[in-house]
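# Survey of secondary and tertiary structure
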Amino acid sequence: MIRAVFFDIDGTLVSLKTKRCPDSTKAAIRALREKGIRVYVASGRSRFELEEQEMLRGMTFDGYLTNNGQIVYDGSWNLLRTVAMVPDEVRALVDYCDERSLPLWLVSEQRSRFNYHFNDRVPVVMAEIHTEIPERCDLHTMLQEPVVKAVMFLTAQEVREGPLSFMPHARSTQWFIHGQDIIPAEGGKLPAMRFMAEANGWSPDELMAFGDSENDNEMLRYAGTGVAMGNALEETKAASDYVTDDCDDEGVAHALAHFALI
């Protein structure tokens, strides 16, 4: 029996083409909740991004695993869990990027800020997620609050050979070829998903997860049933138990119907 389903947003619940959630997906979410199955968002996005962009308008969830799992809320947006980066490592990252004129985006629970550096990768990556560049500032001002995520416009290898070489308490996860999230080593969607499961007494076999990118892979492997979207990366499909149709082709609804959940 599936007791809870966890959904990525971009490319899973929400189309990367239209930036809308298909009507069939909205109806599927409602049908799950009517059957008593809990539904959760598990996204790299922040609470304020979801609210500002109204990406999930008209939909109700039982909880939100935001910023790739670093900040977890219940369905009423009560804070349940926060995992922050090591302050000294964030400071070193800010200095590293300033010295090399590398773009850097830092995120805390309440806000996100961008440094003053820019390159050709930035507009491509931001356009991919239909997001405006946040307010720009000297990121040292962000060090006064817990930072839960740093976004870099590098490849996975560039991040490993650069920032991660001096950030032992951090790791990276990818959502676009030049979109890398640097997060706490104990952070990520999987630990947040496990936190929610343990809090409710669910076993992995009672969970289902949907995703399309590298940052969803561990979540899909942990869940008893991992579903990759038809538009997912090949490695994400390989990490799943089932591959459904594209987000734009009612993939969520088709998969839930395939498993007789709706």
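Before reading on, note that the structure itself is shown above.
Sequence order as written defines residue numbering, which begins from 1 separately in each chain. In keeping with the model being predicted, local features are shown solely for residues with a pLDDT of at least 70 and side-chain atom pairs are shown and tallied solely at 80 or more, while totals for entire chains, interfaces and linings include all residues. Side-chain numbers here rest on the full set of heavy atoms in the structure, without hydrogens or water.

## Comments concerning the sheet that holds strand E11 (residues 207–211)
What counts, and what does not: In short, DSSP must find at least two bridges between two strands for them to pair. A run of H or I in DSSP becomes a helix once it reaches four residues, and a run of E becomes a strand once it reaches two; helices and strands are each numbered from the N terminus. The contact criterion used is simple: two residues touch if any of their non-hydrogen atoms lie within 4.5 Å. For helices, the axis comes from a line fit to the C-alpha atoms of the stretch in contact; other axes are also lines fit to C-alpha atoms, and the angle between any two N-to-C directions lies between 0 and 180 degrees.
Taken in spatial order, the 8 strands line up as E5-E4-E3-E2-E1-E11-E12-E13 in an open sheet, and their pairing is mixed. At either end of the open sheet lies a strand with only one pairing partner, and these are strand E5 (79–82) and strand E13 (242–243). Docked against the sheet, helix H9 (residues 251–258) engages strand E1 (4–7), E11, strand E12 (225–228) and E13, running at close to 155 degrees with respect to E11.

## Quick word on the packing of aromatic side chains
The way to describe two aromatic rings as a pair is by their centre distance and the angle between their planes. We count it as follows: Ring pairs are drawn from Phe, Tyr and Trp, using the six-membered ring of Trp, whenever the two centres fall within 6.5 Å, and their geometry is named by plane angle: stacked under 30 degrees, edge-to-face over 60, tilted for the rest. Here, a charge over a ring means that NZ of Lys or CZ of Arg falls within 6 Å of the ring centre while also lying within 35 degrees of the ring normal.
One pass over the full model with this rule turns up 9 aromatic pairs. Between Tyr96 and Phe166, the aromatic rings sit 5.1 Å apart at their centres with planes inclined by 50 degrees, giving tilted as the arrangement. In this pair, Tyr96 is assigned in helix H3 (residues 87–100) and Phe166 in the loop between helix H5 (156–161) and strand E9 (170–176), connecting sequence segments 70 residues apart. Within the aromatic cluster, the residues linked to one another by ring pairs are Phe61, Tyr64, Tyr73 and Trp77. Cation over ring: Arg47 sits above Tyr73, and NZ or CZ is 5.5 Å from the ring centre.

## Here's the deal with H9
Test applied: Three exposure classes are used, based on accessible area relative to the maximum for each residue type with a 1.4 Å probe and protein chains only: buried under 20%, partly exposed in between, and exposed over 50%.
Here H9 has its buried residues at Gly251, Val252, Ala253, Ala255 and Leu256. Buried residues belonging to H9 abut E1, helix H1 (23–34), E11, E12 and E13. Just beyond H9, the residue with positive phi is Ala260, at close to 60 degrees.

## Topic: a negative patch on the surface
Defined as follows: Within the patch definition used here, like charges are joined within 9 Å and nonpolar side chains (Val, Leu, Ile, Met, Phe, Trp, Tyr) within 5 Å, considering only residues with over 30% relative accessible area and no salt bridge. Here the open area of atoms and residues is found with the Shrake-Rupley method and a 1.4 Å probe, where only the protein chains shown may cover a residue. We count a salt bridge whenever a side-chain nitrogen from Lys or Arg sits within 4 Å of a carboxyl oxygen from Asp or Glu. A residue counts as positive if it is Lys or Arg and as negative if it is Asp or Glu; His and the chain ends are not included. All charge positions are set by atom: Lys at NZ, Arg at CZ, Asp at CG, Glu at CD.
A surface patch of like charges, here negative, comprises Asp245, Asp248, Asp249 and Glu250. Considering the arrangement of structural elements, one finds Asp248 in the loop between E13 and H9.

## Topic: the nonpolar core
Applied cut-off: We call a set of buried Ala, Val, Leu, Ile, Met, Phe, Trp, Tyr and Cys residues a nonpolar core when their side-chain atoms join them within 4.5 Å.
With 45 residues, the main nonpolar core has Phe7, Leu13, Leu56, Phe61, Phe210 and Leu256 as its most contacted residues. Broken down by element, the residue count for this core peaks at 4 residues, all from H9. Other than its neighbours up to four places away in sequence, Leu13 contacts Phe7, Asp8, Arg20, Cys21, Pro22, Thr25, Ile29, Val41, Leu56, Phe61 and Cys247.

## Side note on the pairing of strand E3 (residues 63–66)
For the record, the criterion: The handedness rule is simple: strands pointing away from the viewer, and a clockwise path from the first strand over the helix to the second, make the crossover right-handed.
Neither face of E3 is left uncovered, since the one carrying Gly63 and Leu65 and the one carrying Tyr64 and Thr66 both have all their residues buried. Sheet topology note: the strand E2 (residues 38–42)/E3 ladder contains 3 bridges and is parallel. Bridged to Ala42 within E3 is Leu65. With helix H2 (residues 47–53) bridging E2 and its parallel neighbour E3, the resulting β-α-β unit is right-handed. As defined by bridge partners, E3 adjoins strand E4 (residues 71–74) across 4 bridges and the pair is classed as antiparallel. Paired with Thr66 across the bridge in E4 is Ile71. The turn joining E3 and E4, which pair antiparallel and follow one another in sequence, is formed by 4 residues; a positive phi near 55 degrees is taken by Asn67.

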